[in-house]
Amino acid sequence: MTSAAAEWWRSAVVYQIYVRSFADSDGDGVGDLPGITARLPHVAELGADAVWLTPFYPSPMADGGYDVADYRDVDPAFGTLDDIDALLARAHELGLRVIIDIVPNHTSDRHAWFQEALASPPGSPARARYVFRDGRDGGAAPPSDWQSVFGGPAWRRVDSSADDGQWYLHLFDAGQPDLDWSHPEVVAEFHAVLRFWLDRGVDGFRFDVAHGMAKDLAEPLRDLGPDQVHHGFVGEGWEGRHPFWDREEVHEVLRGFRKVTDAYQPPRTTVAESWAALDRRERYVRPDELHQAFNFDFLNTDWDARSLRATIDRSYALAGAVGSTPTWVLSNHDVIRHASRLALPPGADSERWLLSGGTEPALDPAAAARRARAAALLLLALPGGAYLYQGEELGLPEVADLPEEVLQDPVHRRSGGARKGRDGCRVPLPWTRGGPSLGFGPGPAWLPQPESFADLSVEAQHQDPASTLSLYRTALALRRELLPAGAEVRWHSPADAADRVDFTAGGLRCVVNLSSRPVPLPDAAEPVLTSRALTAGGRGLPPDGAAWLRAGADPGPRG
């Protein structure tokens, strides 16, 4: 096996499938594993190398499946173990690898371990697997002021007839109690879970909340205070000393995961969902830890030439320092889709925009679509791993105007309506122009699709050479041809250029116009793909446009 094949993840295009919203085979309105299996040819024809599946395990769905009740089974709403085996077989037949989600920071409150803990007294071995602590003020107040990512206190008082005065930690929903990763049973259990799925043929894991498993639980627990970081990026000033995010001890947990996966052939991959700041996040991909980490800095960078250049340069420098490669991502199941987000004014309050139903400020849909297409070509021209979120190849926007009565994200409930939540990026995919759910399934979908999705469906775009779907298919084919693994970015635009981003990697030159007027394309290179029609005799790139040009051979890494 060649080195490039053994380290396939370094340049792979991974397509994220949000299981509930991809395809419904049985008409219950919820996506499922047989539905995914039937639609996998779409992903293969797109040109992706792998799929990443969000959780499909048994779950009461307090957080869309990220509250796992049994890590070794499939929720009946999604299918059976036979169905996941069939999905793996079909994916491999199509040349697609399969990465699955592992949720190690917390379980569901319905997990057998947690039910045993609730039935056991304080100080028992069953409670030691989780983070239970005595409350303050005789049990009446939480053990600390730590806040949940979803809003409100991160502690819930034990609801039992004994009323023992203890509380349990849940950094997310109350139905997601945090595990204590200093407990050897927790470590052994998750290593066994990884082997269970590796033995079934999965090709890798995405680790949810990879920066959150280690906690400072020394008594007395440290209060953070109202002005400190309870959730979000944990950056300068903390350096591993936050009580529950990005602690130094988490890296030993990740090394354990890596040892398990490294025992398997052919090589498997691991990727971290870590909201640590970029200069800390590269610690998660050192040679003995995980292979990759999501680059949320790129996702959060403004549509601005200087900012994008700075993020790209910093990403390569930090990843290269530990022998890793960056990842590039624009959307996922937790953020506003970039086909809307990139058109928001700089500094706009995205929560306010969602709560207004997408009207404050009003967006220009055409401008949003132009930026999304240009951003796609920028992302796919960058060497490293590329992660695509289902539906971005169709140009799907955020559905910001979902009525309150259909919202299901616990973020909306726990914030008391102050945050709308993530349902708008999770609306089921449109496959056809018509039908009760635009081909998603035989009946209505679990979230309503807007009428505009019909013209963005796979059926509507499939034969249209100017469609976003065609743009993605062509880009992925050219990426495979012109962007070899290990290619290096060579800049043509200066670091302080405000009008464009312009670089070559391998045999591909990418120019993105971030100004308000056309910019000329270089005369010496042949355009092979553009996100917008060119002007001025085919050499002028319009604003919010991107062009790929066939460049000369890459001279190789520089010393």
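Our structure's up above, just so we're on the same page.
Below or above, wherever it landed, is the structure these notes cover.

So, how was this worked out
- Every chain is numbered independently, its residues counted from 1 as its sequence is written.
- Only residues with pLDDT of at least 70 get local features here, since the model is predicted, and only at 80 or more are side-chain atom pairs given and counted; chain-wide, interface and lining totals rely on the full set of residues.
- Excluding hydrogens and water, the side-chain values take into account all heavy atoms of the structure.
- Detection works on a 1 Å grid of protein atoms alone, calling trapped sets that fit a 1.4 Å probe cavities and calling open sets with protein on both sides within 12 Å along at least five of seven lines pockets, with lining residues defined by an atom within 4 Å of a point.
- Grid points are joined across faces, edges and corners, and a volume is the space filled by probe spheres set on the points.
- Numbered from the N terminus, helices here are DSSP runs of H or I no shorter than four residues, and strands are runs of E no shorter than two.
- Side-chain classes are defined by residue name, with Ala, Val, Leu, Ile, Met, Phe, Trp, Tyr, Cys and Pro counting as nonpolar, Asp, Glu, Lys and Arg as charged, and the others, Gly among them, as polar.
- Whenever a nitrogen or oxygen atom comes within 3.5 Å of another N or O atom, the pair is scored as a polar contact, on the condition that within protein one atom can donate a hydrogen and the other can accept it, and that pairs from neighbouring residues in sequence are kept only if both atoms are in side chains.
- Working rule for contacts: check all heavy atoms of both residues, and any pair within 4.5 Å makes them a contact.
- One bridge is not enough; two strands pair if DSSP finds at least two bridges between them.
- Fitting a line to C-alpha atoms yields each axis, with helices limited to the stretch in contact; the angle taken between N-to-C directions then spans 0 to 180 degrees.

Let's talk about the layout of surface pockets
To find leftover empty space, a probe the size of one water molecule is rolled over the atoms.
In step 1: Taken as a whole, the largest pocket spans an internal volume of roughly 1,300 Å³.
In step 2: As for the largest pocket, its lining consists of 47 residues, and the residues nearest its centre are Trp 275, Asn 300, Asp 334, Val 335 and Ser 350.
In step 3: Among the elements of the structure, helix 9 (296–300), helix 12 (350–355) and helix 13 (365–381) are those that each provide at least two residues to the lining of the largest pocket.
In step 4: At three residues, helix 12 tops the list of elements feeding residues into the lining of the largest pocket.
In step 5: Considering only residue class, the lining of the largest pocket consists of 22 nonpolar, 11 polar and 14 charged.
In step 6: What lines the second largest pocket is a set of 28 residues, and nearest its centre among them are Ala 339, Ser 340, Pro 365, Pro 397 and Ser 452.
In step 7: Taken together, the elements giving at least two residues each to the lining of the second largest pocket come down to helix 11 (338–341), helix 13 and helix 15 (458–461).
In step 8: Broken down by element, the residue count for the lining of the second largest pocket peaks at four residues, all from helix 13.

A few points about the side chain of Arg 258
In step 1: With respect to the element layout, Arg 258 can be found in helix 7 (residues 250–262).
In step 2: Within the structure, the side chain of Arg 258 is placed 3.2 Å from the backbone oxygen of Pro 287, a separation counted as a polar contact.
In step 3: Beyond its immediate sequence surroundings of up to four residues, Arg 258 is in contact with Arg 286, Pro 287, Asp 288, Glu 289, Leu 290 and His 291.

Brief notes about the sheet that holds strand 9 (residues 292–293)
In step 1: Spatially, 9-8-7-3-2-1-11-10 is the arrangement adopted by the eight strands of the open sheet, whose pairing is parallel. Because the sheet does not close on itself, it has two edges, and the strands there are strand 9 and strand 10 (327–329).
In step 2: By the bridge criterion, three bridges tie strand 10 to strand 11 (residues 385–389) in an arrangement that is parallel. What sits directly across from Thr 327, in strand 11, is Gly 385.
In step 3: Strands strand 1 (13–17) and strand 2 (50–53) of the sheet are contacted by helix 2 (residues 33–46), whose axis makes an angle of about 150° with strand 1.
In step 4: Contacts from helix 13 reach strand 10 and strand 11 within the one sheet, and its direction differs from that of strand 11 by about 150°.

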